[in-house]
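Topology and contacts: notes
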Amino acid sequence: MNKTRIVALTMILYISVLPMGCAKTLDETTDTAEEAAETVNDGTEEAAEAENDGITEEITDDEIEEIKEELRNAEYAKYISGLLASYKYIDRDIELEYFYELDNTSTYEQILEEIGEPNGQVGSGIVYKYYEIDDNLYVVIYFYGSENKPFDRVGLIRLCSQEEILDTIYPR
């Protein structure tokens, strides 16, 4: 991967999350990604000319889409309902029906004991834990709590794809 592509990928990742932790949706990232590519090209043009004897490389719209696709399939990050989320692969099979049995009496500790740690988290300020069920199918859980127990009880469970929320599992 060349230097310009690495810089563009880093900027796209960075601008997917706004300052103050407000996440942008996948659709909102599109225009900003193109702006980032222009900024990368503008900001590195002089250095690239010096390095490549006058040859500069521009990032095309197709390359931007390819970079965004790499992000969607990255081993360290995923898009969950259009938001950039951390990701950790865990080799396991979780039945979707398990989540339909949970309610506000279910605790984070109980879920950890029964199916293990989440694959990652999404959000900023309000953080949701999520479990990967299948390719492009995730269960996102919001846990509420008190000052003494931050992740005490289930408050919300949603079934999501990378692009959107598909269903609310709890509350019904």
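Residues numbered from 1 in each chain as written. Predicted model: local features only at pLDDT ≥ 70, side-chain atom pairs only at ≥ 80, totals over all residues. Heavy atoms only, no water.

1. A word on the environment of Arg158
With respect to the secondary-structure elements, Arg158 resides in strand β6 (residues 153-160). A relative accessible area of 29% means that Arg158 is categorised as partly exposed. Counting along the chain gives 18 residues from Arg158 to Val140, while the straight-line C-alpha distance between them is 5.2 Å. Discounting chain neighbours no more than four positions away, the residues touching Arg158 are Tyr138, Val139, Val140, Ile165, Asp167, Thr168 and Ile169. (Helix = DSSP H or I, 4+ residues; strand = E, 2+ residues; numbered from the N terminus. Buried < 20%, exposed > 50% of the residue type's maximum accessible area, 1.4 Å probe, protein only. Contact = heavy atoms within 4.5 Å.)

2. What about the nonpolar core?
Counting residues in hydrophobic clusters, the biggest one holds 17 residues, and the most contacted among them are Phe99, Ile111, Val139, Ile141 and Ile157. The set of elements that each furnish at least two residues to this core consists of α4 (97-100), α5 (108-115), β4 (128-134), β5 (137-144), β6 and β7 (165-170). Non-local contacts of Val139, meaning those with residues more than four positions away in its chain, are made with Leu96, Phe99, Lys129, Tyr130, Tyr131, Ile133, Ile157, Arg158, Leu159 and Ile169. (Core = buried A, V, L, I, M, F, W, Y, C linked by side-chain atoms within 4.5 Å.)

3. Describing a negative patch on the surface
On the surface, a cluster of negative charge is contributed by Asp91, Asp93, Glu95, Glu97, Glu101, Glu109, Glu113 and Glu114. Tracing the backbone shows Glu109 in helix α5. For Glu109, a relative accessible area of 36% corresponds to the partly exposed category. (Patch = residues over 30% accessible without salt bridge, like charges linked within 9 Å, V, L, I, M, F, W, Y side chains within 5 Å. Areas by Shrake-Rupley, 256 points an atom, 1.4 Å probe, with all protein chains shown as cover. Salt bridge = Lys/Arg side-chain N within 4 Å of Asp/Glu carboxyl O. Lys, Arg positive; Asp, Glu negative; His and termini not counted. Charge placed at Lys NZ, Arg CZ, Asp CG, Glu CD.)

4. Some thoughts on the side chain of Glu132
In this fold, Glu132 is placed in strand β4. In this structure, Glu132 is buried with no salt-bridge partner, the nearest side chain bearing the opposite charge being Lys78 at 4.4 Å. A polar contact of 2.7 Å, which involves the side chain of Glu132, links it to the side chain of Tyr87. Discounting chain neighbours no more than four positions away, the residues touching Glu132 are Lys78, Tyr87, Ile94, Asn119, Leu137 and Tyr138. (Polar contact = N/O pair within 3.5 Å; in protein donor to acceptor, adjacent residues only side chain to side chain.)

5. Looking at the pattern of salt bridges
Counted according to the given criterion, the structure contains two salt bridges. A salt bridge links Glu117 to Lys88, with the nearest nitrogen and oxygen atoms 3.2 Å apart. Pair noted here: Glu117 is in the loop between α5 and β3 (120-122) and Lys88 is in the loop between β2 (83-86) and α4, with a separation of 29 residues, a long-range link. We classify Lys88 as partly exposed; its relative accessible area is 43%. When the shortest N-O distance is used, the salt bridge between Asp167 and Arg172 registers 2.8 Å. Here Arg172 falls in the exposed class, since its relative accessible area comes to 70%.

6. Focus: the confidence of the model for the protein
For the protein, per-residue confidence averages 76 on the pLDDT scale, and 65% of positions sit at 70 or higher. Segment residues 13-34: pLDDT under 50, and 36 contacts once partners within four positions in sequence are set aside and those in other chains are kept. The low-confidence segment residues 39-52 (pLDDT under 50) makes 16 contacts with residues lying over four places distant or belonging to another chain. (pLDDT = per-residue confidence, 0-100.)

7. As for the pairing of β4
Counting buried residues in β4 gives five out of seven residues, a clear majority hidden from the surface. Relative to β4, β3 is paired through three bridges, and the arrangement is antiparallel. What sits directly across from Gln121, in β4, is Lys129. Connecting the antiparallel pair β3 and β4 is a turn made up of five residues, with Gly123 showing a positive phi of about 105°. Across five bridges, the pairing between β4 and β5 is antiparallel. (Pairing = 2+ DSSP bridges.)

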